[in-house]
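Given next are the chains, with one letter for each unit.
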Amino acid sequence: MSKQEQLKHPVLTAEMKLEAFAVKYYNGLQWNPKKGDYYTTTRADLELYQVHDIDEDFVYTIYTDRECEVQRWDKDKFTTQDFGIRRMWIPDYLIKKT
């Protein structure tokens, strides 16, 4: 991803991440990933990822703050198994607040 493309993405703040924890664990909202969604992980960092594309079998993601290859993940495990349970959706309304 070029520097120009990186500028198109929001920057994840600690407040946004805290609110994402509430969405996932307090409110219990289920995330059904779609192209363009932003997400983070439950790690103590402010890394932000985006769903680049989805097909029948895979979810393709990118880092939003660095050049990287598109990553491919099994669609049926993306939010439910293995590392997938550690992904946290950043709802659009949190992104739009910035």
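The paragraphs below set out a description of the structure included in this document. No experiment lies behind these values; they were computed from the predicted model shown. (Residues numbered from 1 in each chain as written. Predicted model: local features only at pLDDT ≥ 70, side-chain atom pairs only at ≥ 80, totals over all residues. Heavy atoms only, no water.)

**Points about the sheet that holds strand E1 (residues 38-41)**
Logical step 1: Taken in spatial order, the five strands line up as E4-E3-E2-E1-E5 in an open sheet, and their pairing is antiparallel. Each end of this open sheet is capped by a strand with a single partner; those strands are strand E4 (71-74) and strand E5 (87-90). Averaged over all neighbouring strand pairs, the angle between strand axes comes to 40°, with direction disregarded.
Logical step 2: Bridge analysis of E1 against E5 gives four bridges, and the strand direction is antiparallel. Residue Thr 40 lies in a different strand from E5, and its bridge partner there is Met 88.
Logical step 3: This element, helix H2 (residues 14-26), spans E1 and E5 of the sheet and lies at about 110° to E5. (Pairing = 2+ DSSP bridges. Helix = DSSP H or I, 4+ residues; strand = E, 2+ residues; numbered from the N terminus. Axes fitted to C-alpha atoms, helices over the stretch in contact; angles between N-to-C directions. Contact = heavy atoms within 4.5 Å.)

**Regarding the packing of aromatic side chains**
Logical step 1: In this structure the tally under the stated criterion is seven aromatic pairs.
Logical step 2: Residues Phe 21 and Tyr 25 carry aromatic rings whose centres are separated by 6.1 Å and whose planes lie at 25° to one another, so their mutual orientation is stacked. You can see Phe 21 and its partner Tyr 25 sitting in helix H2, four residues apart, about one turn around the helix.
Logical step 3: Residue class for Tyr 25 comes out exposed when judged on its relative accessible area of 53%.
Logical step 4: With a centroid separation of 4.9 Å and an interplanar angle of 50°, the aromatic rings of Tyr 49 and Tyr 63 are classed as tilted. Remark: Tyr 63 occurs in strand E3 (residues 58-63) and Tyr 49 occurs in strand E2 (residues 49-54); sequence separation between them is 14 residues.
Logical step 5: Look at Tyr 49 and you get buried, because its relative accessible area is 7%.
Logical step 6: What links up through ring pairs into an aromatic cluster is the set Trp 31, Tyr 39, Tyr 49, Tyr 63 and Phe 78. (Phe/Tyr/Trp six-rings, centres within 6.5 Å; stacked < 30°, edge-to-face > 60°. Buried < 20%, exposed > 50% of the residue type's maximum accessible area, 1.4 Å probe, protein only.)

**Digging into the pattern of salt bridges**
Pairing of side chains with opposite charge becomes possible as their charged atoms draw close.
Logical step 1: Scanning all chains against the criterion turns up seven salt bridges.
Logical step 2: Between Arg 66 and Glu 47 there is a salt bridge, and its shortest N-O distance comes to 2.8 Å. With Arg 66 in the loop between E3 and E4 and Glu 47 in the loop between E1 and E2, this residue pair connects regions lying 19 residues apart in the sequence.
Logical step 3: Overall, the relative accessible area of 31% leaves Arg 66 in the partly exposed class.
Logical step 4: The network of salt bridges with common partners includes Lys 17, Arg 43, Asp 45, Glu 47, Asp 65 and Arg 66. (Salt bridge = Lys/Arg side-chain N within 4 Å of Asp/Glu carboxyl O.)

**What to know about unusual backbone geometry**
Logical step 1: The phi torsion at Asp 82 lies on the positive side, around 50°, for a residue other than glycine.
Logical step 2: On the secondary structure map, Asp 82 appears in the loop between E4 and E5.

**Re a negative patch on the surface**
Logical step 1: On the surface, Asp 53, Asp 55, Glu 56, Asp 57, Asp 74, Asp 76 and Asp 82 cluster together to form a negatively charged patch.
Logical step 2: Residue position: Asp 53 is located in strand E2.
Logical step 3: Asp 53 sits in the partly exposed class, given a relative accessible area of 33%. (Patch = residues over 30% accessible without salt bridge, like charges linked within 9 Å, V, L, I, M, F, W, Y side chains within 5 Å. Areas by Shrake-Rupley, 256 points an atom, 1.4 Å probe, with all protein chains shown as cover. Lys, Arg positive; Asp, Glu negative; His and termini not counted. Charge placed at Lys NZ, Arg CZ, Asp CG, Glu CD.)

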